[in-house]
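Now for the letters of each chain:
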Amino acid sequence: MNMERHRQLSTADERRETVLRTAIGAFAARGYYGTTTTEVAKAAGISQAYVFRLFPNKESLFVAVVEYCFVRVRQALERGAAVATDSSAEAVLSAMADAYALLIRDNDLILVQLHAQAAAASEPAVREAVRAGYARLVEYVRGASGGKDPEVQRFFATGMLCHLVSAIGADEVDAPWTRTLMTGIRHY
């Protein structure tokens, strides 16, 4: 009896998802300017030509990575809001902050966000992706929490401070200035 094994081929969408996940690590390590599509292709186990079939250029790949990261953040915030202890803005924002703190244990996500914010200063397509991502997140957080503008602003400001604390390894330094920066910040 001849038993044939059928290999299931990846669809373009599955390949695209694989490239995005792989590119997060590459862009986290070297940023927008320091990462090549060749490095992303090699890490994903595909040819550079195939990367260009999925994404027309490095800018569109990076923008897709930034958008993918915003989706992951939104999903984490949704999970947090779903488990809030009550429906008060304070409880919902706290639960979302906890979910975000768990998400950013993956340091690559933070680093991509930091690189995206830096690249947004000079790259219009990246700037637009970052603006659109934050616009969607701010409106989601406002709607899900019922928080007023100052509460929502504080939520995002604390998130930005979490990025800084993580990026500089402030938790590895026991000093008055690090304790000041880290007061009230959840870190996993």
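The structure reproduced in this document is the subject of the present report. (Residues numbered from 1 in each chain as written. Predicted model: local features only at pLDDT ≥ 70, side-chain atom pairs only at ≥ 80, totals over all residues. Heavy atoms only, no water.)

### A closer look at the side chain of serine 166
Consideration 1: Counting through the fold element by element, serine 166 comes out in helix H8 (residues 149-167).
Consideration 2: A residue is classified by how much of its surface remains accessible, and serine 166, at 16% relative accessible area, is buried.
Consideration 3: Not counting the four nearest positions on each side in its chain, serine 166 is found in contact with Asn107 and Ile110. (Helix = DSSP H or I, 4+ residues; strand = E, 2+ residues; numbered from the N terminus. Buried < 20%, exposed > 50% of the residue type's maximum accessible area, 1.4 Å probe, protein only. Contact = heavy atoms within 4.5 Å.)

### Some words on the packing of helix H1 (residues 12-34) against helix H2 (residues 37-44)
Consideration 1: Direction vectors running N to C along H1 and H2 enclose 135°, while the axes themselves pass 9 Å from each other. By the criterion of interaxial angle, the relationship of H1 to H2 is oblique. The two elements H1 and H2 meet at a crossing, and its hand is right-handed. For the pair formed by H1 and H2, the contact residues are Arg15, Val19, Thr22, Ala23, Ala26, Arg30 and Gly34 on the first element and Glu39, Val40, Ala43 and Ala44 on the second.
Consideration 2: Each residue belonging to the contact of H1 with H2 can be placed in one class, and the counts come to six nonpolar, two polar and three charged. (Axes fitted to C-alpha atoms, helices over the stretch in contact; angles between N-to-C directions. Parallel < 35°, antiparallel > 145°, perpendicular 65-115°, else oblique. Left-handed = near helix turned anticlockwise from the far one by under 90°. Nonpolar A, V, L, I, M, F, W, Y, C, P; charged D, E, K, R; others polar.)

### A few points about the state of the cysteines
Consideration 1: Overall, the coordinates contain zero disulfides when judged by the stated rule.
Consideration 2: You can see cysteine 69 has no disulfide; the closest cysteine sulfur is in cysteine 162, sitting 16 Å from it. (Disulfide = S-S within 2.5 Å.)

### Details of the environment of glutamate 151
Consideration 1: Among the secondary structure elements, glutamate 151 is positioned in helix H8.
Consideration 2: Look at glutamate 151 and you get partly exposed, because its relative accessible area is 26%.
Consideration 3: Dropping the residues within four chain positions of it, glutamate 151 is found in contact with Ala89 and Leu93.

### Some thoughts on the pattern of salt bridges
Consideration 1: Counted by the stated rule, this structure contains six salt bridges.
Consideration 2: In this structure, glutamate 39 and arginine 30 form a salt bridge, with 3.6 Å as the shortest nitrogen-oxygen distance.
Consideration 3: Its salt-bridge partner being glutamate 78, residue arginine 74 comes within 2.8 Å of it at the nearest N-O pair. With arginine 74 and glutamate 78 both in helix H4 (residues 58-82) and four residues apart, this pair spans about one turn of that helix.
Consideration 4: Here glutamate 78 falls in the partly exposed class, since its relative accessible area comes to 34%.
Consideration 5: Members of the salt-bridge network, linked through shared partners, are Glu139, Arg142 and Asp149. (Salt bridge = Lys/Arg side-chain N within 4 Å of Asp/Glu carboxyl O.)

### Quick look at the packing of aromatic side chains
Consideration 1: Using the criterion set out here, one finds six aromatic pairs in the structure.
Consideration 2: Arranged with centres 5.0 Å apart and planes meeting at 75°, the rings of tyrosine 32 and tyrosine 33 form a pair that is edge-to-face.
Consideration 3: Judged by its relative accessible area of 52%, tyrosine 33 is exposed.
Consideration 4: Measuring from ring centre to ring centre gives 5.4 Å for phenylalanine 155 and phenylalanine 156, while their planes differ by 85°; the resulting arrangement is edge-to-face. Of the two residues, phenylalanine 155 and phenylalanine 156, both sit in the buried class.
Consideration 5: Among the aromatic side chains, those forming a connected cluster through ring pairs are Phe27, Tyr32, Tyr33 and Phe62.
Consideration 6: For the cation-ring pair, lysine 58 lies above tyrosine 32, with the distance from its terminal atom to the ring centre recorded as 4.9 Å. (Phe/Tyr/Trp six-rings, centres within 6.5 Å; stacked < 30°, edge-to-face > 60°. Lys NZ or Arg CZ within 6 Å of the ring centre and 35° of its normal.)

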